[in-house]
Amino acid sequence: MNMHHITTDVLIMGGGSAGLWAAYRCSELAPEARICIVDKGPRDWGGLMTMAGGDFEAVLPPDNVDEWVQDFIYYFDGLCDQDLMEEILKRSADRLHDYERFGCEFFKKEDGSMKYVPQRGLDHVKLYPAQLKGRGGELMVKNIVRQLKQRSVERVGRILLTELQQQDGRVCGALGFDTINGDFYRFDARVVIAASGMGGWKTSYGKNTPTGETMQMTYEAGAVLQNLEFARVWNMPRLFGWEGQTVLMPLGARFVNAEGEPFMERYSPVLGSNTDPHYTTMAMSMEIRAGRGPITFDLSRIQQENLILLRPQNGWQKLNYDKLSALGLDLFRDSTEWVPQMTVSYGGLRADAWGNTNLEGLLAAGTARATEPGVYAGGFALMTTSVLGHMAGENAARLLQTLPEVK
Ligand SMILES: Cc1cc2nc3c(=O)[nH]c(=O)nc-3n(C[C@H](O)[C@H](O)[C@H](O)COP(=O)(O)OP(=O)(O)OC[C@H]3O[C@@H](n4cnc5c(N)ncnc54)[C@H](O)[C@@H]3O)c2cc1C
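Residues numbered from 1 in each chain as written. Predicted model: local features only at pLDDT ≥ 70, side-chain atom pairs only at ≥ 80, totals over all residues. Heavy atoms only, no water.

Moving on: the domain arrangement of the protein. By the assigned domains, the protein splits into domain 1 (3-230 + 346-400) and domain 2 (232-342). Computed from C-alpha coordinates alone, the two centres of domain 1 and domain 2 are separated by 28 Å. On the side of domain 2, 33 residues touch domain 1, which itself brings 32 residues to the contact. Between domain 1 and domain 2 the total buried area reaches about 2700 Å² when both faces are included, carbon and sulfur atoms providing 56% of it. Where domain 1 packs against domain 2, one counts 1 salt bridge. Inspection of the domain 1/domain 2 interface yields 9 residue pairs in polar contact (both at pLDDT 80 or more). For the side of domain 1 that touches domain 2, the elements supplying multiple residues, two or more each, are α2 (65-75) and β5 (117-118). Classifying every residue of the side of domain 1 that touches domain 2 gives 15 nonpolar, 9 polar and 8 charged. (Domains from an automatic or database assignment. Contact = heavy atoms within 4.5 Å. Buried area = accessible area lost by both parts, 1.4 Å probe. Salt bridge = Lys/Arg side-chain N within 4 Å of Asp/Glu carboxyl O. Polar contact = N/O pair within 3.5 Å; in protein donor to acceptor, adjacent residues only side chain to side chain. Helix = DSSP H or I, 4+ residues; strand = E, 2+ residues; numbered from the N terminus. Nonpolar A, V, L, I, M, F, W, Y, C, P; charged D, E, K, R; others polar.)

Okay, here's the thing in structure tokens:
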């Protein structure tokens, strides 16, 4: 077995949305710095973003940040870090426009304005859907990786990081191993950014990479963690994998029980079907317990003109969609059974808006830092992870100016 030793200025643990954005911003502000992204998955795969729909929340005119913060205080039942949300939302439009500049396309209406889908019955929060349903996230990854290649950011795949290195109380690198041939790796760095995804354990189809090892290694090094008491619940078709209910619900989709009754009004009188998945999931379970299951998904109220937003045009969802069609099942025509599901246990590093943790030399970005109590609105994650990655990358570039070289 071989031992490899890589010296860099900034080590980014995880090449998902947050890690890629951190590298992008840091390389923009510190073009001479050596930046290395290490991921346990394939190089440049982009983490969960590869599978994402590409829907993006952003505060665009005439909306304003204060109104969105108010919406999130309500939506998170008060468990909202208001200052952090404000910092994130202030920068959301810039990241959306960056994606457009990189070549990503969002859905436009005939008059050229951007199409949006209001989220979860909230007054202001809305997502902007990617032009190509089923490929939006994959194209985001490709486009941002192209930027990193132009800036010579080093990217290494298939290395699982297992331990942080510390010297004189300061985080100064990490250890890991090659998941294919078992070789050991040591990375020495002046700044380490943890962008390695959610702290919890995988439970659902789409969350195979969150396995919690970064939480373990940062905790062992003395980092403060937060939100580990939360879990995220969701609802899924029983027979196949699908993503996109955050777009389907606001456009009129709803769950109905075995009696054909759209029961959500009983559990969520204000927002009805278009509410937080914690409520729909709980209500589904209660209906089933009361003998009114199974629960099916009713798409009959969705207008024809909106179906273009929902039918996958490529990627893994098209694969699923075609397989279903071959079995004679059409998601948009037939009623499908959906089940309550827990997607992932939650939590992450505690950090300020710029990603500073309690450990010197360690920054945190994206879902590795648990920004909310596991309550999801469509487009929220790609927005928050890009903004927080960008901010952590900027912070790393600033820190480099004050830190000695790594020998
Ligand atoms: C099917 C699906 C559809 C989605 N659609 C949308 C959408 O349309 N809009 C939206 O806003 N959000 C969407 N999301 C959510 C969004 O994609 C993710 O929340 C976001 O991309 C997470 O980014 P991240 O960088 O914080 O974490 P991740 O994407 O989880 O990236 C973390 C990276 O770190 C690596 N890693 C972890 N541990 C280690 C380790 N020990 N050593 C080395 N590497 C490690 C992982 O391999 C991974 O690549 C979707 C998610 C899924 C699964």
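This next bit is on the side chain of Glu138. Topologically, Glu138 is positioned in helix α4 (residues 136-150). Side chain to side chain, Glu138 and Arg135 meet in a polar contact 3.2 Å long. Those residues in contact with Glu138, other than ones at most four positions away along the chain, are Met49, Thr50, Ala52 and Gly315.

A few words on the site of the ligand. In the region of the ligand, 39 residues are neighbours, and Asp39, Leu48, Thr367, Tyr376 and Leu382 sit closest. Ser17 places a polar main-chain atom, nitrogen or oxygen, 3.2 Å from an oxygen atom of the ligand. At 2.8 Å, a side-chain N or O of Tyr376 approaches a nitrogen atom of the ligand. Taken by itself the ligand offers 1000 Å² of open surface, and the protein chains cover 96% of this. Among the elements of the structure, α1 (17-29), β8 (159-167), α5 (213-220) and α10 (380-400) are those that each provide at least two residues to the shell around the ligand. The element contributing the most residues to the shell around the ligand is α10, with 4 residues. Its residues assigned to classes, the shell around the ligand comprises 17 nonpolar, 17 polar and 5 charged. (Near = heavy atom within 4 Å. Areas by Shrake-Rupley, 256 points an atom, 1.4 Å probe, with all protein chains shown as cover.)

This paragraph deals with the sheet that holds β5. Sheet architecture is open: 3 strands sit in the order β4-β6-β5, paired in antiparallel fashion. The strands lining the two open edges of the sheet, one partner per strand, are β4 (56-57) and β5. Bridge count for β5 against strand β6 (residues 126-128) is 2 bridges, and the pairing is antiparallel. Among the inter-strand pairings, Pro118 is bridged to a residue of β6, identified as Lys126. (Pairing = 2+ DSSP bridges.)

What follows concerns the pattern of salt bridges. Applying the stated criterion to the full structure yields 25 salt bridges. When the shortest N-O distance is used, the salt bridge between Arg91 and Glu87 registers 2.8 Å. Of this pair, Arg91 and Glu87 both sit in helix α3 (residues 82-102), 4 residues apart, roughly one helical turn. Take Arg91: its relative accessible area is 19%, and that puts it in the buried class. With a shortest N-O distance of 3.1 Å, Asp298 and Arg254 are connected by a salt bridge. Of the two residues, Asp298 sits in strand β15 (residues 295-298) while Arg254 sits in strand β14 (residues 254-256), which places them 44 residues apart along the sequence. Shared partners join several salt bridges into a network, and the residues in it are Arg25, Glu28, Glu394 and Arg398. (Buried < 20%, exposed > 50% of the residue type's maximum accessible area, 1.4 Å probe, protein only.)

If you want to describe how two helices pack, look at the angle between their axes and the distance between the axes. The geometry of α2 relative to α3 is characterised by a closest axis approach of 10 Å and an angle of 135° between their N-to-C directions. Comparing their axes, α3 and α2 come out oblique. When you trace α2 past α3, the crossing you get is right-handed. Counted together, Val65, Trp68, Val69, Phe72 and Ile73 of α2 and Gln82, Met85, Glu86, Leu89 and Lys90 of α3 form the full contact between these two elements. Grouping the constituent residues of the contact of α2 with α3 by class yields 7 nonpolar, 1 polar and 2 charged. (Axes fitted to C-alpha atoms, helices over the stretch in contact; angles between N-to-C directions. Parallel < 35°, antiparallel > 145°, perpendicular 65-115°, else oblique. Left-handed = near helix turned anticlockwise from the far one by under 90°.)

Residues Asp66, Asp81, Asp83 and Glu86 make up a contiguous surface patch of negative charge. For Glu86, the position within the fold is in helix α3. Exposure remark for Glu86: the relative accessible area of 32% places this residue in the partly exposed category. (Patch = residues over 30% accessible without salt bridge, like charges linked within 9 Å, V, L, I, M, F, W, Y side chains within 5 Å. Lys, Arg positive; Asp, Glu negative; His and termini not counted. Charge placed at Lys NZ, Arg CZ, Asp CG, Glu CD.)

Turning next to the environment of Gly78. With respect to the helices, strands and loops of the structure, Gly78 is situated in the loop between α2 and α3. Counting along the chain gives 134 residues from Gly78 to Gly212, while the straight-line C-alpha distance between them is 27 Å.

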